[in-house]
Amino acid sequence: MQTTPKRTTGWVVMETLRGYGIDTVFGIPGTHNLEFYRPLGALGIRPVTARHEQGAGYGSDGWSLQTGLPGVVVTTSGPGLLNALSAAGTAYCESRPMILIAPGPAIGAEFADVGTLHETKDQLSAASAIVEWGRRVTSADEAVTAIHDAFELFATTRPRPVYIEVPLDVLEQETELAAAATAPRSFAPAPTADAALIAQAATLLTAAQRPAILAGGGSRRASAALRALAERIGAPVVTTLNAKGVLDEHHPLSVGSALRLAAGRSVAQDADVLLIVGSKLGEAELWVSELAATGKVIRIDLLESQITKNHRADIGLVGDAAATLTALTAALGEGEPRDLAGAVGAVSQARAAVRAESLELSESNTRLAEVIAAALPEDAIVTTDSSQIAYWGLLNTLRVSTPNSTPYMATYATLGYGLPAALGARIAAPERPAFTVLGDGALMFSMNEFITVVEQREDVTVIVVDNGGYAEIKQNELDAGIAPVGVDLVQPNWSAVADAFGGTGRRATTASELSDAVTAAVAAGGLQLIHIDQATFDVAQGE
């Protein structure tokens, strides 16, 4: 059957998105949102139907991190939208672009309380409380304008999710809106910081004896500029988890994403001049209440409101990270780059101290993570979840060469993120192997998306580390003097579950078996699952 073309408000919304490069949307078709789906085939937009709207949101986030475009989530009204709000909360906390689109009650039917399908007291307010802004439009022109405004937000300031609500009657209306109205717009680039302040910062960095750089999520599009400056001034670079890989973690100046460990933090704290790029220095990234840097502090951020957030700044540079870093390097002049030998030695010592501290904090997760990291393909995208194997292990040990190679959500710390995010990442970057490494408790939140991987004919390998339930919370209970309750979880036969969904399940009990299983999974493609029972897995390997 051929879809009947019908230029409705839903059609022009999708046409506008396509003009900005959006070729994939995530969501679930519903009775009220069909006009968003009508034009997808004609416009060449791929629909990814998740099995829960939360999975659609996390899938769009994984896709967004690889493309640099906003993830687009299309839900139906009421429960569909509300199901997706956890993903919107994630995007807000981690400063990532996302557009949620849903139908709303017809104009004049707001707050009617008459028992219509999906009736919700005030879904606009519910969404608006989570996102950067929410908007209820009243015409096709307003709907298209909202899309343009969203892209302007993403291009010029801190990227965060937005919600656009189209009343059902407006959504279904045909429109004569000119094609020119849906064409993408150009936006003024984000600013570079004040030249006088850049000169002051350059003077500080030139005189520094122990400079260091702390890179946060706001530096993810500034890899080349950050590397150039680090090499110019001989500065070790330590990153937050959201900036992991912004400097190739094999680079001799990279300490890695070790800010959560005292050995990593000390690189920043002990610097006589510390440059902080695009980080609010929140407790979730630090694992302590304050960084407490002892030297002079230079901060770069798109927003002036962030310049002194959670820490003082002796010099605040408000501007785009890449442009400001480039200008700062230029302001240093043509002098010879600083000898890197001392900094490289300090970085090597810091890396060793980070590993020792990680082993002390959780030897089992650190050693298992080292085995997993050694088995993974070098160019893999590895999503994770709020699981011990991630934050106690893999994120400390795995070295990646490019930003966004380890999609994660350090601040929101949700469960259920890893699997759909890996699918979204694979769709966006089909040339790279896609993995998710997560705990059994986390996987239970989104295992319904196994079938989405199969249906989409994508290659995703799941490594599930089974520690018997919610081990972190169990320890929290014990530390609080509470006998474990609600945390020891019955486990399914994980390999059989993958088989039942149309994938292939395997078990690994040694490093050698894991390496073989990963190789076989990548070669076979499709949905692959490797089950590791952490209690019995043999982590023995050469030091």
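Please refer to the structure placed before this passage.
The structure presented is a predicted model; accordingly, all values stated were derived computationally and were not measured.

Conventions we followed
- Residues numbered from 1 in each chain as written.
- Predicted model: local features only at pLDDT ≥ 70, side-chain atom pairs only at ≥ 80, totals over all residues.
- Heavy atoms only, no water.
- Helix = DSSP H or I, 4+ residues; strand = E, 2+ residues; numbered from the N terminus.
- Expected span 1.5 Å × (residues − 1).
- Buried < 20%, exposed > 50% of the residue type's maximum accessible area, 1.4 Å probe, protein only.
- Pairing = 2+ DSSP bridges.
- Axes fitted to C-alpha atoms, helices over the stretch in contact; angles between N-to-C directions.
- Contact = heavy atoms within 4.5 Å.
- Phe/Tyr/Trp six-rings, centres within 6.5 Å; stacked < 30°, edge-to-face > 60°.
- Parallel < 35°, antiparallel > 145°, perpendicular 65-115°, else oblique.
- Left-handed = near helix turned anticlockwise from the far one by under 90°.
- Nonpolar A, V, L, I, M, F, W, Y, C, P; charged D, E, K, R; others polar.
- 1 Å grid on protein atoms, 1.4 Å probe; cavity = no way out; pocket = protein on both sides within 12 Å on 5 of 7 lines; lining within 4 Å.
- Points joined across faces, edges and corners; volume = space filled by probe spheres on them.

Things to note about helix α7 (residues 140-156)
(1) Moving on: Relative to the 24 Å expected for 17 residues at 1.5 Å per residue, α7 spans 25 Å between its end C-alpha atoms, a close match to the ideal helical length.
(2) Moving on: Listing the buried residues of α7 in full gives Ala140, Ala143, Val144, Ala146, Ile147, His148, Ala150, Phe151, Leu153 and Phe154.

Thoughts on the sheet that holds strand β7 (residues 211-215)
(1) Moving on: Taken in spatial order, the six strands line up as β9-β8-β7-β10-β11-β12 in an open sheet, and their pairing is parallel. With one partner strand each, in any of the chains shown, β9 (254-256) and β12 (315-318) form the two edges of the open sheet. Ignoring strand direction, the axes of neighbouring strands in this sheet form an average angle of 20°.
(2) Moving on: The pairing of strand β8 (residues 237-239) with β9 spans two bridges and is classified as parallel. Counted as the bridge partner of Val237 is Ser254 from β9.
(3) Moving on: Sheet strands in contact with helix α10 (residues 195-207) are β10 (273-277), β11 (296-301) and β12, and its direction is about 130° off that of β12.

Observations concerning the packing of aromatic side chains
(1) Moving on: Scanning the model with the defined rule gives eight aromatic pairs in all.
(2) Moving on: Consider the rings of Trp287 and Tyr391, whose centres lie 6.3 Å apart with planes at 75°: the pair is edge-to-face. Of this pair, Trp287 sits in the loop between α13 (283-286) and β11 while Tyr391 sits in helix α17 (residues 388-397), and the two are 104 residues apart along the sequence.
(3) Moving on: On the basis of relative accessibility, which here comes to 11%, the residue Tyr391 falls in the buried class.
(4) Moving on: Plain terms: the ring middles of Phe450 and Phe501 are 5.3 Å apart, the flat faces sit at 75° to each other, and that makes the pair edge-to-face.

Considering the packing of helix α11 (residues 223-233) against helix α14 (residues 321-331)
(1) Moving on: Running from N to C, α11 and α14 point in directions that differ by 25°, and their axes come no closer than 8 Å. Relative to α14, the element α11 lies roughly parallel. Crossing angle aside, the handedness with which α11 passes α14 is left-handed. Across the interface between the two elements, Ala225, Leu226, Ala228 and Leu229 from α11 touch Ala322, Leu325, Thr326, Leu328 and Thr329 from α14.
(2) Moving on: When its residues are assigned to classes, the contact of α11 with α14 shows seven nonpolar, two polar and no charged.

Comments concerning empty space enclosed by the protein
(1) Moving on: Enumeration over the complete set of coordinates arrives at two cavities of 30 Å³ or more.
(2) Moving on: Counted as a void, the largest cavity has a volume near 60 Å³.
(3) Moving on: Its residues assigned to classes, the lining of the largest cavity shows four nonpolar, three polar and three charged.
(4) Moving on: Volume-wise, the second largest cavity comes out at about 40 Å³.
(5) Moving on: Considering the residues around the second largest cavity, the lining is formed by Phe26, Val48, Ala50, Gly55, Ala56, Gly59, Pro420, Leu423, Glu449 and Thr452.
(6) Moving on: When contributions to the lining of the second largest cavity are tallied by element, the ones reaching two or more residues are α4 (53-67) and α18 (418-428).

Considerations on the packing of α4 against helix α5 (residues 79-93)
(1) Moving on: Packing of α4 against α5 brings their axes to within 7 Å, and their N-to-C directions diverge by 35°. In the packing of α4 onto α5, the handedness of the crossing is right-handed. Here Glu53, Gln54, Gly57 and Tyr58 of α4 come into contact with α5, specifically with Gly80, Asn83, Ala84, Ser86, Ala87 and Thr90.
(2) Moving on: Each residue belonging to the contact of α4 with α5 can be placed in one class, and the counts come to three nonpolar, six polar and one charged.

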